[in-house]
Structure formats: C-alpha cells, structure tokens
Amino acid sequence: MIFSRKATYLALFALLLCSLGANAQTRQTKEEYIERYKHIAIDHMERYGIPASITMAQGILESDSGNSNLARRSNNHFGIKCKKDWKGQRVYHTDDAPDECFRKYDSVEESYEDHANFLDKSPRYDSLFAYSATDYRSWARGLKAAGYATAPDYAQRLTRIIEDNRLYLLDQENGASLYASRLRDEATKAANAFEQSSSVNLPMTTEGQVDPNDYRVVERTYNGYSVYENNRSHFVIARTGDTFEQIAMTFAVSPRTIRKYNEIDAKSTADPIQGEMIYIERKQARWWGEEHIHRVKQGETLRSISQEYGVRLSKLAAMNRLKKESPLQAGSEIKLRK
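Residues numbered from 1 in each chain as written. Predicted model: local features only at pLDDT ≥ 70, side-chain atom pairs only at ≥ 80, totals over all residues. Heavy atoms only, no water.

K.L.:
Describe the packing of aromatic side chains, with residues and values.
P.N.:
Applying the stated criterion to the full structure yields 14 aromatic pairs. Ring geometry for phenylalanine 129 versus tryptophan 139: centroids 5.1 Å apart, planes at 80°, classification edge-to-face. Linking phenylalanine 129 in the loop between α5 (108-121) and α6 (136-145) with tryptophan 139 in helix α6, this pair joins segments that are 10 residues apart in sequence. Judged by relative accessible area, phenylalanine 129 falls into the partly exposed class, the value being 27%. Judged by its relative accessible area of 0%, tryptophan 139 is buried. (Phe/Tyr/Trp six-rings, centres within 6.5 Å; stacked < 30°, edge-to-face > 60°. Helix = DSSP H or I, 4+ residues; strand = E, 2+ residues; numbered from the N terminus. Buried < 20%, exposed > 50% of the residue type's maximum accessible area, 1.4 Å probe, protein only.)

Written out as structure tokens, the structure reads:
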C-alpha cells in the first residue's frame, strides 16, 4: 500500500511542481511584495516626506500584498477611489457599497505615484506632513482621522504591519541597507535553528505513528521549515517548542486559520506536538491516491486518518456515516473515496 501511494506521488510530482510554480507566480508573499516595492516607498519618502513604512503598510493592507482582486484587475494597490477629478481609467469594485468606482492604472508603479500625489495634493491630509517621516504612528492615526479608510482599527492595522515586519527600518537613513541586514540576520537564525532540529528530517507523527517520509515530497524550505505536499495540500512537521501562533506567523495566516485547516477547536490553547503534521492550507475534499480503504490501527482516530491522507475530517466522516468524534475499532475499515 505504501509503495503504490509513493508511486502515485512520483507520477504526479511533475504536475504538482508545475501547479506549485503557477501558484507561486500568482500568489505573492508579503516578503516578496516588500522587496519588490520598497525602493519606490523610500524614493517617495525622500521626495514627499511620506514615511516609507506607511506607504508599504498601506500597500500591503489595501492590496493584500498585491494579491487582491482589485490590485490584479487595476494595479490599484492603495484602494483609491475615482473621486470627481479623476480623468483616468476606471474599474468597478464592491467595497463599502456595491460597484464603487476605483482608479485603474497601467502599472503598479503608477499606482504608487498616484498615492503619493493623492496625499500630497489633498488638503485633508495637509496636517500629516507636519509629522516627521520617522513618526509612523502619528501618520497612521492621522490617515484614519482624515478619513482615508472606514475601518475603525485602520491605524492599529497599519502600525501592526509596520512593527511586525520592521518596516520602520525603511524610514531611517540608509533604510534599504538596514532592512536588508535585518533579513540576513533572521535568515541566519532560521538556518541555525533548522540545522539544530535534526528530528525534522525524518519525523514520525504522534497520532497513528504515520511515517510521512513514505509519501511526502519536499517542495521547498521556508524560514527553517521544510514544506511538504500530501494529497495536493501542503504541510509542515511541528518541531520542539512550536506553537500555532509561530507557524501561522511564518506562513502569513492567522492562528485561528491554521487550527481550522487542521480541524482543531478554535478555542483550544493546545500547541502542536513534535513530529505532528500541521497543514498550512486547507485539506482536500477527497483522497486523490489509489487506495480506497484504510484499515484502522490501534489508537487511530478519524482525525488522525484525515491528517494522514490530507482529507477534510467532515468529508471523511460523512463518507463513512460517522460522527467526527466517533471511536474507531482496530481492524475496521474507513472508506477513503467512493
């Protein structure tokens, strides 16, 4: 059974790599977004006095790091609406109200330029320029007070993005170098931590004593984690001392979302166990491998089986006409696919 499963993944390996590559091209990480546009933010700080950290944080927040529908359709990375004096291209997008008019640009760079001009030339934002380019907190509060966004916690969101990603380094003299140095330091720490965690190479999961190496494929490493693929979904292996918060932060999702992906109660305060498979994206609705049946081993639960095969617990339970928490008898059979 293990051999056929492994053979299946080898046969699909090329296709999966192409799929992963396509996703990587279409889904931009926050780190990639910052690296790509930080030089524009720094240039605008020098020309207009707008903190580079504020520009980057707004771009990240308003465009979901360049991944939002509005950003993809119109290169609009700052959520700027048409207004009466806008003579350029337009796109309609539901925001505070249905089908609102937003500005459309030929390039992301044009969106950044318009953002700087928008703040510089609008009287409502005049008071912001009294603040230093290093005073990102006052700028964040000022943007909210001037009505840039309707979200009541807009200033807090900007501040959190800036501080979580240390974007305030960009506001300093030689900010690009300071920020690059910070990335190198963190990469070195992550590499050292990874080397010290030799158990990550060939771990065993706690539930069901599944050996992930029998069917997992290493796709890439990221911040010290090896990212594996199982049944078309990606997971990592929990290391000693890992928390859901730490894993969530590493992969730019919320702890609640990570728990949801792994079908753990959102109110739970328990952390992963060393060697446990932790999915960093939603599991599949069906099993894509060759096996139709899994024979239950002593101590296995329906959830541990759903983790082993990368199938959503609710789907597995429904297929077998069981409840999610139903006890399983060793030797009984669990359907994996119809």
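K.L.:
Account for the pairing of strand β2 (residues 100-104), naming residues and giving values.
P.N.:
Regular strands place their side chains on alternate faces of the sheet. With 4 of its 5 residues buried, β2 lies for the most part within the structure. Here strand β1 (residues 89-93) pairs with β2 via 5 bridges, running antiparallel. When the sheet's bridge partners are listed, histidine 93 is paired in β2 with glutamate 100. (Pairing = 2+ DSSP bridges.)

K.L.:
Now, about the confidence of the model for the protein: what can you tell me, with residues and values included?
P.N.:
Put simply, the protein has an average pLDDT of 81, and 81% of its residues get 70 or more. Contacts of residues 16-25 to residues separated by more than four positions or lying in other chains number 7 contacts, the stretch itself having pLDDT below 50. Within the model, pLDDT remains below 50 along residues 197-217, and this stretch shows 56 contacts once partners closer than five positions in the same chain are excluded. (pLDDT = per-residue confidence, 0-100. Contact = heavy atoms within 4.5 Å.)

K.L.:
Now, about the side chain of serine 74: what can you tell me, with residues and values included?
P.N.:
Tracing the chain through its elements places serine 74 in helix α4 (residues 69-74). At 2.7 Å, the side chain of serine 74 forms a polar contact with the backbone oxygen of leucine 70. If near-sequence neighbours (up to four positions away) are discounted, serine 74 is found in contact with Val91, Arg103, Lys104 and Tyr105. (Polar contact = N/O pair within 3.5 Å; in protein donor to acceptor, adjacent residues only side chain to side chain.)

K.L.:
How would you sum up the nonpolar core? Please name residues and give values.
P.N.:
If you look at the biggest cluster of nonpolar residues, it comprises 43 residues, and the most contacted ones within it are Ile54, Met56, Tyr112, Tyr125, Leu143, Tyr148 and Leu167. Mapped onto this core, the elements with two or more residues apiece are α2 (30-48), α3 (52-63), α5, α6 and α7 (154-164). Element by element, the count of residues in this core is highest for α2, at 8 residues. Once you skip the residues sitting within four places of it in the chain, leucine 143 turns out to touch Ile54, Gln58, Leu119, Tyr125, Leu128, Tyr148, Tyr154 and Leu158. (Core = buried A, V, L, I, M, F, W, Y, C linked by side-chain atoms within 4.5 Å.)

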